[in-house]
Amino acid sequence: MLILPQNSPINADLSAQLASVRAQIARAALDAGRNEDSVTLVAVCKGQSVAAVQTLARLGVEHFAESYLQEALPRLQQLAGAELTWHFVGRLQANKTRAVAGHFSWVHALDRARIAERLNAQRPPSAPPLNVCLQVKLAADPAKGGVDAAHAGELAARVRALPRLRLRGLMCMLPDGLAPAAQSAQFQAVQRLQAQLNAAGAGLDTLSMGMSGDFPLAIRAGATMVRIGTALFGARP
Ligand SMILES: *Cc1c(COP(=O)(O)O)cnc(C)c1O
């Protein structure tokens, strides 16, 4: 295993960046009248080294996310035994569902019943149900996945009927280039959609929204999980 010396420069950077992200999370939560503990930091480690993940883990980060399966599997293997919780946040194709169902605790970007059914069938019997969020897409954006708001209720009902999945909430990724006011409006719309689904009995407790560029706004709109890469690790190599 690769272990960095405690005070190598990369450790100092990661430590400072983590402190900054945590402070911003705490401030946004406070602004929203919420406890900072109501926001889970998920470190998105695509493109990063095993050593960087180990450093953040040593600094207390427990949740890590991957979006490219091929790249993720060897890293997961190297970090097995580290008691970390792994989230798959990438787009999920049918040929990847078995590995994701076998190696991850959360899937954030579920947007089709067919993928949900495969994950349900392939979740190992020895593992607890797989936590899932539905990715919702509020504005047409061919570059991003997601179920549109009008069909989210129907997909939620289908997922809730699958015993090996546990529907936890909604996830969104905003289109690039929105002004802050438009970002806030979209986050608030996702929060309203969650409230609507919950009024119909969906029992959702998670809003996975907010990335490096927009997480304080997402937290002010109710995010309970922020998925942060660049602001923690620096630019991806
Ligand atoms: C890469 C990625 C992130 C993190 O993005 P940053 O802007 O680097 O914080 C979050 N969510 C998903 C789905 C991603 O693919």
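Refer to the structure printed above.
About the criteria used
Residues numbered from 1 in each chain as written. Predicted model: local features only at pLDDT ≥ 70, side-chain atom pairs only at ≥ 80, totals over all residues. Heavy atoms only, no water. Helix = DSSP H or I, 4+ residues; strand = E, 2+ residues; numbered from the N terminus. Rg over C-alpha atoms; globule rule 2.2 N^0.38 Å. Buried < 20%, exposed > 50% of the residue type's maximum accessible area, 1.4 Å probe, protein only. Areas by Shrake-Rupley, 256 points an atom, 1.4 Å probe, with all protein chains shown as cover. Lys, Arg positive; Asp, Glu negative; His and termini not counted. Charge placed at Lys NZ, Arg CZ, Asp CG, Glu CD. Near = heavy atom within 4 Å. Polar contact = N/O pair within 3.5 Å; in protein donor to acceptor, adjacent residues only side chain to side chain. Nonpolar A, V, L, I, M, F, W, Y, C, P; charged D, E, K, R; others polar. Contact = heavy atoms within 4.5 Å. Phe/Tyr/Trp six-rings, centres within 6.5 Å; stacked < 30°, edge-to-face > 60°. Pairing = 2+ DSSP bridges.

A. Summary view of the overall build of the protein. Per the secondary structure count, the protein includes nine helices and nine strands. Computed over the C-alpha atoms, the radius of gyration of the protein is 17 Å, within 12% of the 18 Å expected from 2.2 N^0.38 for a compact globule of 237 residues. Principal axes of the C-alpha set define a box for the protein whose edges measure 50 × 40 × 30 Å. Relative to its full complement of 237 residues, the protein shows a buried share of 50%. Surface summary for the protein: the accessible area is close to 11100 Å², and the carbon and sulfur share equals 52%. Averaged over its 24 positive side-chain charges, the protein has a centre that lies 5 Å from the centre of its 16 negative ones.

B. Local environment of the site of the ligand. Surrounding the ligand, one finds 13 residues, the nearest of these being Lys46, Ser212, Gly229, Thr230 and Arg236. Taking lysine 46, its side chain carries an N or O atom lying 2.7 Å from an oxygen atom of the ligand. The contact in question runs from an oxygen atom of the ligand to an N or O atom on the side chain of arginine 236, over 2.8 Å. Here the ligand has 390 Å² of accessible area as a free molecule, and 90% of this is covered by the chains. Across the shell around the ligand, the residue classes tally to six nonpolar, four polar and three charged.

C. Spotlight on unusual backbone geometry. In this structure, glutamate 83 is a non-glycine residue whose phi angle is positive, near 60°. With respect to the helices and strands, the residue glutamate 83 is situated in the loop between α3 (69–78) and β3 (85–88).

D. Representation of the environment of cysteine 45 within the structure. Of note, cysteine 45 is situated in the loop between β1 (40–44) and α2 (50–58). Of the residues examined, cysteine 45 reaches a relative accessible area of 0% and is grouped as buried. A C-alpha to C-alpha distance of 7.8 Å links cysteine 45 and phenylalanine 233, two positions 188 residues apart in sequence. Each residue touching cysteine 45, except ones within four places of it in the same chain, is listed here: Val53, Phe64, Ala65, Glu66, Glu71, Arg75, Trp86 and Phe233.

E. Molecular detail of the environment of alanine 221. Summarising the element assignment, alanine 221 is placed in the loop between α8 (215–220) and β9 (225–228). Residue alanine 221 is classed as buried on the basis of its relative accessible area, which comes to 3%. The spacing of alanine 221 and serine 184 is 37 residues in sequence and 6.9 Å in space, taken between C-alpha atoms. Setting aside its immediate chain neighbours within four residues, alanine 221 contacts Phe187, Gln188, Gln191, Leu207 and Met209.

F. Spatial organisation of the packing of aromatic side chains. Taken as a whole and judged by the stated rule, the model has two aromatic pairs. Summarising the aromatic geometry, the rings of phenylalanine 88 and phenylalanine 104 are spaced 5.3 Å apart at their centres and angled 75° between planes, so their arrangement reads as edge-to-face. Of the two residues, phenylalanine 88 is situated in strand β3 and phenylalanine 104 in the loop between α4 (97–103) and β4 (106–110); the sequence distance between them amounts to 16 residues. Side by side, phenylalanine 88 and phenylalanine 104 carry an identical accessibility label, which is buried.

G. Examining the pairing of strand β7 (residues 165–171) more closely. A large share of β7 lies buried, amounting to six of its seven residues. Pairing of strand β5 (residues 130–137) with β7, which is carried by six bridges, proceeds in the parallel orientation. Pairing of leucine 130 across the sheet is with leucine 165, part of β7. As defined by bridge partners, β7 adjoins strand β8 (residues 206–208) across three bridges and the pair is classed as parallel.

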